[in-house]
Amino acid sequence: MIRLAQVGLGQWGKKLLRNFDALAEVVWLCDVDEERCTEVMQQYPSARMTATFDEVLADGTVEAVAIATPVPTHYELARRALEAGKHVFVEKPPAMRGAEMEELCELAEERGRVLMPGHLLLYHPAVRALKEIVDSGDLGDVLCIYGNRQNLGTIRTHENALWSLGVHDLSVLLFLIDEEPSEVWAHGHAFLNPRVEDIVFCYLRFPSGKIAHLHLSWLDPHKIRRITVVGRDKMAVFDDMEPERKVTVYDKAPEEPTTTYGEWKTRTGDIYSPKVPTTEPLRLECEHFLRLVTGDGDPLQAARDGLVVVRALEQLQASLETVRV
Ligand SMILES: NC(=O)c1ccc[n+]([C@@H]2O[C@H](COP(=O)([O-])OP(=O)(O)OC[C@H]3O[C@@H](n4cnc5c(N)ncnc54)[C@H](O)[C@@H]3O)[C@@H](O)[C@H]2O)c1
C-alpha cells in the first residue's frame, strides 16, 4: 500500500482523508492547527501527527502527500514536496500564477513524480459521460458552453467567486472544448468585502470560434450547478442538482432556412438521459491519483490540464481587475 501524508485537515482535507484511508496507508496527519490535528487523530490512531510540514518531508518512507490547505499555500507546499521527492496531490488550483504552475510541472517531470491537481469534477461520471457525448459528434459542432454555479452559499472573504467557484466550471469547459481560450473577459462586483467579487460573469472565446460563459455567484436565490453544451445538431446539460438525470440530451436545433423563404425553423425531438454511474467522484479522484503513483497512466497529464486552468484563471482575474470600480 502507498504510504501517504494528509496535509490540511479542514473541511475538505477530512473528506480526502476518509477516502485515502480506505485506499492507502495514511502515515502522517499534518495541520498547523495542532488542536485540529489532535481531534482528527482520534479517528486515525495509527497515523502520526505533526504541525510541521518539514517533518513529513523528512520521512523517507512517505511516498505521496495530499495537500488540502488554503489556496495561497498550495504552490509553496507542492514545490517543497516535489523537491523532497514525493508524489503530490494538491487541491485546486495548485498555483495562482501560470508561471508557478509551469514550474511545478517542470519540477514533477524532472523528478519523475506525479503532480495531480484536485479538479474533482473531471472525475465525475456525469462529466465523463458528457465528454463522451461531445466527442462522439452526436451534438454536431459545439458552438457554445455555459456554466451556472450560483447559490446563497459559503461567503468567502479572501477568495473571490472566480477562484472559489469558477475553477470547477473552467476545468470542465476546458476539458470539453480541449482548446486554450484566445480571448477572455470577466466582469464582477464585490458587494460584501472589498476586492472580493461575490458575483462574476466570464466570457471566453476559443480559436475554433466556440464561445463560453460562466455565471458565478454566492449571492443568488437559486442553487444551480449546471453546465450546458449547445451543439449545432443537439444540446446537452449536466445538472449536478438532479439526483438521477445528471445528463440530459435534447434533440433540438435550428434547421437550415428554406430556399424559398430564407426562414429559420427549429426542430424539437426526443429528450433522453443516459445512465450515469453513481460512484462518488472524490473516491474516483483519489483512486486515480494512487493509480498514477503506481505507474499506471500519464503522471503529468492532469498537471498539464491544470496548467491551462491556472492560465485562464490568471487572465480572467486580470480582466476582472481592469474593470474594478
Ligand atoms: N475539490 C473540491 O470540490 C473542494 C471543495 C472544498 C474545498 N476544496 C479545497 O480544499 C482546500 C481546503 O479547503 P477547506 O474548505 O478544507 O479549508 P479549511 O480552512 O477548512 O482547512 C484548511 C486547513 O489547512 C490548514 N493549514 C493552513 N496552512 C497550512 C500549512 N501550511 N500546513 C498544514 N496545514 C495548513 C488549516 O489549519 C486548516 O485546518 C482549499 O484549497 C479548497 O479550495 C476543494
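Model, not experiment: these values are computed from the prediction. (Residues numbered from 1 in each chain as written. Predicted model: local features only at pLDDT ≥ 70, side-chain atom pairs only at ≥ 80, totals over all residues. Heavy atoms only, no water.)

Engineer: Any chance you could explain the sheet that holds strand E1 (residues 3-7) here in plain terms?
Structural biologist: Sheet architecture is open: 6 strands sit in the order E3-E2-E1-E4-E5-E6, paired in parallel fashion. If you trace the sheet from one side to the other, it starts and ends with strand E3 (48-50) and strand E6 (115-118), each paired once. Geometrically, the sheet is characterised by an average inter-axis angle of 20° between neighbouring strands, direction not taken into account. Two elements, E1 and strand E2 (residues 25-30), share 5 bridges in a ladder whose sense is parallel. Bridge pairing links Ala-5 to Trp-28 in E2. Helix H1 (residues 11-23) rests against E1, E2, strand E4 (64-67) and strand E5 (87-91) of the sheet, and its axis sits at about 165° to E1. (Pairing = 2+ DSSP bridges. Helix = DSSP H or I, 4+ residues; strand = E, 2+ residues; numbered from the N terminus. Axes fitted to C-alpha atoms, helices over the stretch in contact; angles between N-to-C directions. Contact = heavy atoms within 4.5 Å.)

Engineer: Hey, could you run me through unusual backbone geometry in this one?
Structural biologist: Phi is mostly negative for residues that are not glycine, and the peptide bonds are mostly trans. Here Lys-92 and Pro-93 are connected by a cis peptide whose omega angle stands at -20°. For Pro-93, the position within the fold is in the loop between E5 and helix H5 (98-111). Phi is positive for Asp-178, close to 60°, though the residue is something other than glycine. Inspection of the secondary structure assignment puts Asp-178 in the loop between helix H7 (161-177) and strand E8 (183-189).

Engineer: What is the right way to look at the packing of aromatic side chains in this model?
Structural biologist: Counting across every chain of the model gives 3 aromatic pairs. Ring centres of Phe-20 and Phe-289 lie 6.1 Å apart, and the angle between their planes is 75°; on these two criteria the pair is classed as edge-to-face. Of this pair, Phe-20 sits in helix H1 while Phe-289 is found in helix H8 (residues 281-293), placing the two residues 269 residues apart along the sequence. In this structure, Phe-20 and Phe-289 share a single accessibility class: buried. (Phe/Tyr/Trp six-rings, centres within 6.5 Å; stacked < 30°, edge-to-face > 60°. Buried < 20%, exposed > 50% of the residue type's maximum accessible area, 1.4 Å probe, protein only.)

Engineer: Explain helix H4 (residues 71-83) here, please?
Structural biologist: Residues spaced three or four apart along an α-helix face the same direction, because each turn holds 3.6 residues. Listing the buried residues of H4 in full gives Val-71, His-74, Tyr-75, Leu-77, Ala-78, Arg-79, Ala-81 and Leu-82. Considering only its buried residues, H4 is in contact with helix H3 (53-58), E4, E5, H5 and E6. Immediately downstream of H4, the backbone of Gly-85 shows phi near 85°, a positive value.

Engineer: Got a minute to help me understand the site of the ligand in this structure?
Structural biologist: Taken together, 21 residues sit near the ligand, with Trp-12, Asp-31, Arg-36, Thr-69 and His-74 positioned nearest. Trp-12 places a polar main-chain atom, nitrogen or oxygen, 2.7 Å from an oxygen atom of the ligand. Here a nitrogen atom of the ligand and a side-chain polar atom of Glu-91 are 3.2 Å apart. Bound to the protein, the ligand loses 80% of the 850 Å² it would expose on its own. (Near = heavy atom within 4 Å. Polar contact = N/O pair within 3.5 Å; in protein donor to acceptor, adjacent residues only side chain to side chain. Areas by Shrake-Rupley, 256 points an atom, 1.4 Å probe, with all protein chains shown as cover.)

Engineer: Teacher, can you tell me more about the sheet that holds strand E7 (residues 142-150) here?
Structural biologist: Sheets are built from strands paired through backbone hydrogen bonds, the pairs being either parallel or antiparallel. If you walk across this open sheet you meet the 8 strands as E8-E9-E10-E7-E11-E12-E13-E14, and the pairing is mixed. Here the strands that pair on one side only, and so sit at the sheet edges, are E8 and strand E14 (265-272). Adjacent strand axes in the sheet meet at a mean angle of 15°, parallel and antiparallel pairs treated alike. Summarising the sheet, E7 and strand E11 (residues 224-231) pair through 8 bridges and their orientation is antiparallel. For Gln-150, the partnering residue across the bridge sits in E11 and is Ile-224. Running at roughly 155° to strand E10 (residues 211-217), H7 makes contact with E7, strand E9 (199-205), E10 and E11 of the sheet. Where helix H9 (residues 301-322) meets the sheet, it contacts E8 and E9, and its direction lies at approximately 50° from that of E8.

Engineer: So what exactly am I meant to see when it comes to the pattern of salt bridges here?
Structural biologist: Going through the model one piece at a time under the given rule, you end up with 19 salt bridges. Here Arg-97 makes a salt bridge to Glu-100, at a shortest N to O gap of 3.7 Å. Close ionic contact of Asp-169 with Arg-149 constitutes a salt bridge, the shortest N to O distance being 2.8 Å. With Asp-169 in helix H7 and Arg-149 in strand E7, the pair connects residues that are 20 residues apart, well separated along the chain. Exposure remark for Asp-169: the relative accessible area of 0% places this residue in the buried category. Each member of the salt-bridge network shares a partner with another, and the members are Glu-76, Arg-79 and Glu-83. (Salt bridge = Lys/Arg side-chain N within 4 Å of Asp/Glu carboxyl O.)

Engineer: Hey, could you run me through the environment of Thr-294 in this one?
Structural biologist: Checked against the element boundaries, Thr-294 lands in the loop between H8 and H9. Of the residues examined, Thr-294 reaches a relative accessible area of 56% and is grouped as exposed.

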